Each structure stands twice: as C-alpha cells, then as structure tokens.
Amino acid sequence: MNNTPPATVPAAKAPAPLKNAPSRPELRPERSTGSRIGELVQRQGVLAVLLTVILIASFVYPTFASLDNARGVTVQASFLAIVALGMTLVIITGGIDLSVGSVFALGGVLAAWASQWGFFAALLVPLVVCGGIGLLNGMLIARANMAPFIVTLATLLAARGMLLAFTDEGATTYLVPKDSAFAELGQGSVWGFGYPILIALALFGAGGLLLQRTSFGQTLFAVGGSSDAATLMGLPVARTKILVYTLSGLLAGLAGALNAARLSSGVTIVGVGMELDAISAVVIGGTLLIGGAGSISGTLWGVLLLAVIQNLINQIGSLNSSYQSVVSGGFLIVVVVAQRYLARSRRTT
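Residues numbered from 1 in each chain as written. Predicted model: local features only at pLDDT ≥ 70, side-chain atom pairs only at ≥ 80, totals over all residues. Heavy atoms only, no water.

K.L.:
Can you lay out the side chain of Thr240 for me, pointing to particular residues and giving the numbers?
P.N.:
Tracing the backbone shows Thr240 in helix α10 (residues 237-263). With residues up to four places along the chain from it excluded, the contact list for Thr240 reads Phe216, Thr219, Leu220 and Val223. (Helix = DSSP H or I, 4+ residues; strand = E, 2+ residues; numbered from the N terminus. Contact = heavy atoms within 4.5 Å.)

K.L.:
Describe the packing of helix α7 (residues 195-213) against helix α8 (residues 215-225), with residues and values.
P.N.:
Each pair of packed helices gets described by two things: the angle between the helix axes and the distance between those axes. Running from amino to carboxyl end, α7 crosses α8 at an angle of 70 degrees, the nearest separation of the two axes being 5 Å. It follows that α7 is roughly perpendicular to α8 by the angle criterion. Of the residues in α8, those in contact with Leu210, Leu211 and Gln212 of α7 are Phe216, Gly217, Gln218, Leu220 and Phe221. In the contact of α7 with α8, the residues fall into five nonpolar, three polar and no charged. (Axes fitted to C-alpha atoms, helices over the stretch in contact; angles between N-to-C directions. Parallel < 35°, antiparallel > 145°, perpendicular 65-115°, else oblique. Nonpolar A, V, L, I, M, F, W, Y, C, P; charged D, E, K, R; others polar.)

K.L.:
Tell me about a nonpolar patch on the surface, and please be specific about residues and values.
P.N.:
A surface patch of nonpolar side chains, about 570 Å² in accessible area, is lined by Leu67, Trp191, Phe193, Leu198 and Leu201. Within the fold, Phe193 resides in strand β2 (residues 193-194). Judged by relative accessible area, Phe193 falls into the partly exposed class, the value being 32%. (Patch = residues over 30% accessible without salt bridge, like charges linked within 9 Å, V, L, I, M, F, W, Y side chains within 5 Å. Areas by Shrake-Rupley, 256 points an atom, 1.4 Å probe, with all protein chains shown as cover. Salt bridge = Lys/Arg side-chain N within 4 Å of Asp/Glu carboxyl O. Buried < 20%, exposed > 50% of the residue type's maximum accessible area, 1.4 Å probe, protein only.)

K.L.:
Please set out the packing of helix α4 (residues 119-142) against helix α5 (residues 148-166) residue by residue, giving values where relevant.
P.N.:
Where α4 meets α5, the axes come as close as 9 Å, and the angle between the chain directions of the two elements is 155 degrees. Compared by their axis directions, α4 and α5 come out roughly antiparallel. Crossing of α4 over α5 shows right-handed handedness. Here α4 contributes Val129, Ile133, Leu136, Asn137, Leu140 and Ile141 to the contact with α5, which in turn contributes Pro148, Val151, Thr152, Thr155, Ala159 and Met162. Among the residues forming the contact of α4 with α5, the class breakdown is nine nonpolar, three polar and no charged. (Left-handed = near helix turned anticlockwise from the far one by under 90°.)

Put into structure tokens, the structure is as follows:
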C-alpha cells in the first residue's frame, strides 16, 4: 500500500501590483466654445471697452491723450480703486458693504486731525477706527447672522454721524501741516506719478496674489459659491467673512487718509455715494453680485473705465458731472444683464 501523500498544487499568488502603473486619466467634460467665450467676455470684456473708449477719446479730444491728463485721471481713480479693492473681496464672498463711503470720509477727517502729532499718528488713527468699523460689520454678519445690507447701512449712518459730531456738524475743518511727511504722501510723486497711484497698484498686486495664490483666496470663492457647502467642507466661513469686512474698512480708511493728505485737509462732504461707485466698478469688472466669482484686475479696469468716462465728460464741457452717473448706471445695467445671460448659457452647455 502506497502511503505517499498526494501531491498538492500550490495556490496561485495574486500578482504584485505594479508600482509605476499609470493611473487612469479622469475624463472631464470638454467645455464648449460658447462657454469659453462667455468666461473670456466676463473677465476681459471691460478691458476691451476701456481700450476702445480711450482710443476714440484720444482721436476726438487731443488733450485727452496727454500725459498730464493721464496722471490726473489715475490720481483721482486711485482712491476709488483702493476702496473698490476691499469691496471686491466682500462681494466675492456674497456680501455687500454700504458703509465704505462714510468710512472713507471719516478716515480722512481723523487723519487730518491726527496729522498734528506726526506721520504715523495720521495713518494709525484712521486705520484703527475704520478697521474697527469693518470688524464690527464682520462680527454682526458672521456671528449674529445679520443681513449685510442692514448691518452696513447702519454703520454707514453711524460713521457719517461720528464724522459730523467730530467736526461740529461740518463747521470745523482740520488741516494737514504743510511740508509734513504726511502731506508728501498724498502730494509727492515718483517719475511724475503720485504716491497714491503707486500705493493703489501695490495693493492691487498684493490683492491679486492673495486671491489667486493663497488658500484664503480660494476660501473666498468657496464661501461666495455656497456658504453651507463651505461649512460642510470644514472651511472657516465666519472667520473669512470677518476678515474681508475688516479689510474693507481698513482700505476705505486708508483711501480717506491718502485723500486728506492730497487735499491737505479733512473734507467732510467727500465720500457721498462712493459705495455705489465702488460697487459699480466691481460689478462692471466682472465680479458677480451673487458671489463666488470675480477678479482683482477686472475691478481695476472697472475703476479706470468710470474715471475715463468722468474725464471724457469734463472734456466735452457742455455736459455736467451728473451725466457720469447716467452713463455708469447704463454700463452697470448692461453688465448685469450680460452676466445673467452668460451664467445661463454656461449652465445649459
């Protein structure tokens, strides 16, 4: 009898996974040509309009294309640009800040008042007070879940009331000492371009990097796209809203301080309606009012377009400044309608 155990067939081993096996590429739906054109128009359409207006105005009015006129336009636009930069960040998150005009005026008066104690006091006082107003806006909106429109409307009235109380209903005008370092900040220039222009460009460069190259910038888009979804993703929604409103207040206060340095006084009547100009520039620049999409460069082109329109009306001479509001309103209506159409076409494609 053969007691040899039957031979067993060894179990087949599973093949070892390939270490360098190429991963299967994800299939992404290809965007249609219309969708790409729509995005391009939304982002760069205002630049094309700006260049067209400049080209036509340069042919019609030779003085429009002069270097002195360009310097004047850009200096005037620099203050609105700084305010609109903060407004861009707020609108991208789906909010609104109606207080920036009053905060701008308050910052100028506080800067002129504090300038008697030197350069740093003239900058620090408006930044602290105006940044505090922005912080209050952010806390009420993010922590108390109050509507941005109501909160910032209330601080608009409060900031204007503080301004009037501080200046005895506008009877007191604080002057910036002549030949001071603070006055030089608003009136000095490099290669013929004023310091406010250079400061505005530096802030826009930093804002562009912040929005496109940092996680904070991506959080802004996520919060504006859907605050609830951003919360489920673990993003700091409340902290983000507080920061953008604080930045908006700081930038409005800084713009007011620079304007006071340029005028050598704290003028109480400035800033009326500035919040509407800032919102118009931001929306004309391609930032959606519902939040979730926008760009810093678009806001810059929007500000310059409004400034060029105002200067062009001055060049005509027979029109008063009220026509600037009419033209700006017309541009705003066209842009909002175009945004809705482009958004609808992208959803269908």
